[in-house]
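# Understanding the architecture of this molecule
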Amino acid sequence: MTTTLPDNAFRGNLLSDAANLPQHWQAALQRCDVQAALEQLDAFLSQRLTEGAVIFPTHPFKALHGLPPEAVRVIILGQDPYHGPGQAQGLAFSVPDHCPCPPSLRNIFSEIAREFPDQLTVQSNNLERWVKQGVLLLNTVLTVESGQPASHSRRGWETVTDALIEHVACAPQPKVFMLWGNHAQQKQPLIPANNNTLVLRSNHPSPLSARRPPVPFLGCNHFADANCWLRNHGAAAIDWS
């Protein structure tokens, strides 16, 4: 009997997906250790598909398409994709509009509404509108198995995404990193300290940590602070609605 896969299931060849990335991102993946990690991941994903695993999302590298490194103004790091059918779409924290709003994304919208109380916030769960403005929504692990969060951690993705983070961090334009929670904050050593980069840190927006010390996410003011800093450095602000 043939099992029908969810629409957002991964079906393809990871090495082919990587080879089809725009050239400006492929340049980040040429190191020997990154190539070895991609080959390891490709073999692992192929094996899991053969064994009947359902893997999300369809396009693991979606965050990189249509957004060259030199156009990135804000980088938001997530951990790994949502693990339910129909949710993950290759953008950290984002889900299609037909999906219920996940708790972390709900807190993100709540914080935006608090920071910009006089602006109408169109809370579409699909954050592609941010990507079009230069917001890189990158998970540090780009695939996951259905119902098993963090199931593809420590399989090689961290080597790949660390290289991507370093690549965009070294681009010359002003940019803001939003590091929410311990996992994202562990990536700060990859980010050069210079006048063209702002790093904002807080707890993760998950309901488990959003209100807790040392820096609660709710009340962090990151979205307004990022816009103020970008304007002061000659860059356009982000419309977070």
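Notes on the structure in this doc start here. Quick caveat: nothing in here was measured; it's all calculated off a predicted structure. (Residues numbered from 1 in each chain as written. Predicted model: local features only at pLDDT ≥ 70, side-chain atom pairs only at ≥ 80, totals over all residues. Heavy atoms only, no water.)

### Some thoughts on the overall build of the protein
- Looking only at helices and strands, the protein features eight helices and six strands.
- When its helices and strands are written in sequence order, the protein yields α-α-α-β-β-α-α-β-β-α-β-α-β-α.
- Against the compact-globule benchmark of 18 Å for 241 residues, the protein has a radius of gyration of 18 Å, which places it among compact chains.
- A total of 241 residues make up the protein; the buried ones form 52% of that total.
- The contacts of the protein with a sequence gap of at least 6 include a subset with a gap of at least 24, amounting to 69%.
- For the protein, the accessible surface area stands at approximately 11100 Å², while carbon and sulfur atoms represent 52% of it. (Helix = DSSP H or I, 4+ residues; strand = E, 2+ residues; numbered from the N terminus. Rg over C-alpha atoms; globule rule 2.2 N^0.38 Å. Buried < 20%, exposed > 50% of the residue type's maximum accessible area, 1.4 Å probe, protein only. Contact = heavy atoms within 4.5 Å. Areas by Shrake-Rupley, 256 points an atom, 1.4 Å probe, with all protein chains shown as cover.)

### Thoughts on the environment of Leu77
- Note that Leu77 resides in strand β2 (residues 74-78).
- What makes Leu77 buried here is its relative accessible area of 2%.
- Spatially, the C-alpha atoms of Leu77 and Ser209 are 16 Å apart, while their sequence positions differ by 132 residues.

### Some points on the side chain of Thr197
- Its place among the elements puts Thr197 in strand β6 (residues 197-202).
- On the accessibility criterion, Thr197 (11% relative accessible area) is buried.
- Engagement of the side chain of Thr197 in a polar contact is seen with the side chain of Asn194, the distance being 3.0 Å.
- Among residues more than four places away in sequence, those in contact with Thr197 are Ala169, Lys175, Phe177, Ile191, Pro192 and Trp229. (Polar contact = N/O pair within 3.5 Å; in protein donor to acceptor, adjacent residues only side chain to side chain.)

### Looking at the pattern of salt bridges
- Enumeration over the complete set of coordinates arrives at seven salt bridges.
- Glu145 serves as the salt-bridge partner of Arg48, at 2.8 Å between the closest nitrogen and oxygen. One end of the pair, Arg48, is in helix α3 (residues 32-50); the other, Glu145, is in strand β4 (residues 144-145), and 97 residues separate them in sequence.
- Among the residues examined, Arg48 registers a relative accessible area of 21% and is labelled partly exposed.
- For Glu145, a relative accessible area of 4% translates into the label buried.
- For Glu111, the salt bridge goes to Arg114, with nearest N and O atoms at 2.9 Å. Taken together, the positions of Glu111 and Arg114, both in helix α4 (residues 103-115) and three residues apart, correspond to about one turn of that helix. (Salt bridge = Lys/Arg side-chain N within 4 Å of Asp/Glu carboxyl O.)

### Re the side chain of Glu115
- Looking at the secondary structure, you find Glu115 in helix α4.
- Within the structure, Glu115 has its side chain in polar contact with the backbone nitrogen of Phe223 (distance 3.1 Å).
- Discounting chain neighbours no more than four positions away, the residues touching Glu115 are Cys220, Asn221, His222, Phe223 and Ala224.

### Comments concerning the packing of α4 against helix α8 (residues 222-232)
- One can describe the packing of α4 onto α8 by two numbers: an axis separation of 8 Å at closest approach and a directional angle of 60°. On the basis of their axis angle, the class for α4 and α8 is oblique. Contact residues: α4 offers Ile108, Glu111, Ile112 and Glu115, while α8 offers His222, Phe223 and Ala224.
- Within the contact of α4 with α8, the residues separate by chemical class into four nonpolar, one polar and two charged. (Axes fitted to C-alpha atoms, helices over the stretch in contact; angles between N-to-C directions. Parallel < 35°, antiparallel > 145°, perpendicular 65-115°, else oblique. Nonpolar A, V, L, I, M, F, W, Y, C, P; charged D, E, K, R; others polar.)

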